[in-house]
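Tertiary structure, described
Given next are the chains, with one letter for each unit.
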Amino acid sequence: MNDTLPPVTVLLDPADDAAVTRAALAAHDPVAGCVTVHPAPGTRSDRYFAHDVLAALGKPAHLPGFPDSRAPVWEAATAWMAAMPARRLTVLRAHLLTRERVQRLLDLRRFTGAHLVLVCHRSRLTTALSDTLAGVPHALTHSHTSLFAGPAVHGVGRSAVPPRTAGRWISVPALDRLADWDGSDHCIGCVPSSVSWRYRPRPRPRSPRTTLEIVRRIHTATAHPRLAAALAAAVFTGAAGQQLGTARLADWRRDAAALALHDPVGEVDGCATHPVPVWAALFLDAAAHFTRLAPTPGLPLLVRPEEHPALLRLAEQARLRPPQPGMDTEPGAVPTSGTEWFYRQLKETGLDGAAPQPLRRPRLRGRQTQSPPAAAP
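Here is a short report on the structure shown in this document. (Residues numbered from 1 in each chain as written. Predicted model: local features only at pLDDT ≥ 70, side-chain atom pairs only at ≥ 80, totals over all residues. Heavy atoms only, no water.)

**Overview of the overall build of the protein chain**
Assigned secondary structure in the protein chain consists of eleven helices and ten strands. Counting only residues that meet the buried cut, the protein chain has 52% of its 377 residues in that class. Contacts in the protein chain between residues at least 24 apart in sequence constitute 78% of all its contacts with a sequence separation of at least 6. Here the protein chain has roughly 17,400 Å² of accessible surface; of this, 54% comes from carbon and sulfur atoms. (Helix = DSSP H or I, 4+ residues; strand = E, 2+ residues; numbered from the N terminus. Buried < 20%, exposed > 50% of the residue type's maximum accessible area, 1.4 Å probe, protein only. Contact = heavy atoms within 4.5 Å. Areas by Shrake-Rupley, 256 points an atom, 1.4 Å probe, with all protein chains shown as cover.)

Below, the structure written as structure tokens:
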């Protein structure tokens, strides 16, 4: 047991006071590191409990590429909370928790260092709580006033109000090469020099408002830490999909805010180290935690070849895409068709606007092709 962890706090609320529940829910602000989980009634499986934690973080429970019955949802929830980082985790209706669920919370506390607050709507601890907390430093209290007091911090997460452009497509020129995947490998022990931008333009800076919206969309579109980090990396690097697949744990250097991507045979841009903006660090931290925790050995940091179609679907779910046929990249441009991921290649070969040719790769199955609203600025 880590002695530096704050003791578990059990808030006894025998009257089931609505003011206590309201205060706990009002204190929920993931950006400030405060997460309040309200478990869904009628469920006892710890898997569904992980879904409740992900829902509190504003994320869907589905993890692409994993069977739903065996998806590492607890590993995903732990990775996101450790990357935030979470400083307080409050769980309502704790008197209904099973021993397995309480133990999951203690494991989450141990990994993230969060202050665990269990709201027990009883006058004393249940058997499950009493047995599981035996030997764990904890304190009982009847007052919620000091627990949930503190200034509100607003940003991406539950506190943020989705802007008016929330349903519009955002044109991201840096995604022009996200669909490119011809196979590549990482370099063992390679620490490449900083990217020089000799062979392609540097991704253009976005306005703070648009950047905030891109971050919000990626956060809410998936619970998969690695795919979310891959999409974020594509936005700030403009790298090809195959280069994103070369990143390993050692390539994310948190202390230097740098991410190395590889191209050992020089097919694309060569090996290069990219500076990581502040907004993207959380995604890479979550991906690193998830890679260490996930039961599948040998996972890359960002994306595997078989996950590449899911990465493109994620971008579309977040309504992010490269410039499209017949549209400018300026604010207010209106796309006229479904997403075309290989439009850049068509332009380079002079086939844009022509009938489909053999080199045009098929679109993802199940893609919606209805005309979308206007692009966001």
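**Some thoughts on the nonpolar core**
Counting residues in hydrophobic clusters, the biggest one holds 90 residues, and the most contacted among them are L89, L118, L178, L244, L259 and L302. Residue contributions to this core peak at ten residues, all from helix α7 (residues 225-237). Contacts of L302, omitting those with residues within four sequence positions, involve R226, L227, A229, A230, A233, L244, A247, L259, L284 and E307. Grouped together as the second largest cluster of nonpolar side chains are nine residues, V117, V119, L147 and F148 included. (Core = buried A, V, L, I, M, F, W, Y, C linked by side-chain atoms within 4.5 Å.)

**Structural notes on the pattern of salt bridges**
Scanning the model with the defined rule gives eleven salt bridges in all. In this structure, D285 and R254 form a salt bridge, with 2.6 Å as the shortest nitrogen-oxygen distance. You can see D285 sitting in helix α9 (residues 278-293) and its partner R254 sitting in the loop between β7 (252-253) and β8 (258-261), a full 31 residues away along the chain. Under the relative-accessibility criterion, R254 is labelled partly exposed at 45%. Residue R304 pairs with E307 through a salt bridge whose shortest N-O separation is 3.3 Å. The network of salt bridges with shared partners includes R226, R304, E306 and E307. (Salt bridge = Lys/Arg side-chain N within 4 Å of Asp/Glu carboxyl O.)

**Things to note about the packing of helix α6 (residues 208-221) against α9**
Look at α6 against α9: their axes get within 10 Å of each other, and the N-to-C directions meet at 15°. On the basis of the axis angle, α6 is roughly parallel to α9. Between α6 and α9 lies a crossing of left-handed hand. Contacts between α6 and α9 pair T211, V215, I218 and H219 from the former with W279, L282 and F283 from the latter. Across the contact of α6 with α9, the residue classes break down as five nonpolar, two polar and no charged. (Axes fitted to C-alpha atoms, helices over the stretch in contact; angles between N-to-C directions. Parallel < 35°, antiparallel > 145°, perpendicular 65-115°, else oblique. Left-handed = near helix turned anticlockwise from the far one by under 90°. Nonpolar A, V, L, I, M, F, W, Y, C, P; charged D, E, K, R; others polar.)

What is shown is where atoms sit, not what they do.
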